[in-house]
Amino acid sequence: LCALAGYGLTWRYELRSLDRQLSDRLTLAGHSVAAEVDRFRYLPAVAAQDARVLGLLRGGDVAALDAANAYLQRVRDLSGVDEVYLLDPKGRTIAASNWNRTDSFVGQDYAFRPYFVDAMTRGTGRYYAVGVTTGKPGYFLSLRLGPASAPLGVVVVKVDMTNLETAWVRADEAVGLGDRT
């Protein structure tokens, strides 16, 4: 009877210990994701302030388009994000940091993506998902330009999570990311 009671106490102690370890790992993984995303949270607002972006959204010509594409490409290159792109009020990409590549987002319709819908309705959006065009996972941050009653468009920044995933693999951590929506 004593051995059985001892076994039961040991079992409960080990389960609590395992629960604490898992909770600590979950907290650490959550903070890692938040830190990676927070590094770039400012970027949609910065891109939205640029005259080239605003000029294109306000009906710019081919020169405005070229200038906006070049600017978004430079923002991507300097910041280290995966991509930066600009959607019109209907969700179609009109300029992008990858404008000159075969997998360009230009012309793609992202109106169905939660980060676009949220930005249009609430002003900002964020969403973790696999990219529709690239097939690569990323964390999408978005910001509506203009008021909800007369939006000009949405700036989107895609944050590549590969470095974080690589660090987890090296640490032999099995972590899965998902979004509630």
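That block above? That's the structure.
Since this is a predicted model, take the numbers as computed values, not measurements. (Residues numbered from 1 in each chain as written. Predicted model: local features only at pLDDT ≥ 70, side-chain atom pairs only at ≥ 80, totals over all residues. Heavy atoms only, no water.)

**Things to note about empty space enclosed by the protein**
- Applying the stated criterion to the full structure yields 1 cavity of 30 Å³ or more.
- Approximately 60 Å³ is the volume attributed to the largest cavity.
- Along its surface, the largest cavity is lined by Tyr85, Phe105, Tyr110, Arg113, Tyr115, Gly131, Val132, Thr133, Thr134, Phe140 and Lys158. (1 Å grid on protein atoms, 1.4 Å probe; cavity = no way out; pocket = protein on both sides within 12 Å on 5 of 7 lines; lining within 4 Å. Points joined across faces, edges and corners; volume = space filled by probe spheres on them.)

**What about the side chain of Asn98?**
- As for its placement among the helices and strands, Asn98 is situated in the loop between β2 (93–96) and α5 (114–122).
- Residue Asn98 is classed as buried on the basis of its relative accessible area of 0%.
- Among the polar contacts listed, one links the side chain of Asn98 to the backbone nitrogen of Phe105, at a separation of 3.1 Å.
- Discounting chain neighbours no more than four positions away, the residues touching Asn98 are Arg76, Glu83, Asp103, Ser104 and Phe105. (Helix = DSSP H or I, 4+ residues; strand = E, 2+ residues; numbered from the N terminus. Buried < 20%, exposed > 50% of the residue type's maximum accessible area, 1.4 Å probe, protein only. Polar contact = N/O pair within 3.5 Å; in protein donor to acceptor, adjacent residues only side chain to side chain. Contact = heavy atoms within 4.5 Å.)

**Overview of the pattern of salt bridges**
- Tallied over the full model, the rule gives 9 salt bridges.
- Measuring nitrogen to oxygen at the nearest pair gives 3.6 Å for the salt bridge that ties Asp82 to Lys158. One end of the pair, Asp82, is in the loop between α4 (62–79) and β1 (83–87); the other, Lys158, is in strand β5 (residues 153–160), and 76 residues separate them in sequence.
- A relative accessible area of 12% means that Asp82 is categorised as buried.
- Under the relative-accessibility criterion, Lys158 is labelled buried at 1%.
- The partner of Arg101 in a salt bridge is Glu83, with the nearest N and O atoms 2.9 Å apart. Of this pair, Arg101 sits in the loop between β2 and α5 while Glu83 is found in strand β1, placing the two residues 18 residues apart along the sequence.
- Residue classification places Arg101 among the partly exposed positions, given a relative accessible area of 35%. (Salt bridge = Lys/Arg side-chain N within 4 Å of Asp/Glu carboxyl O.)

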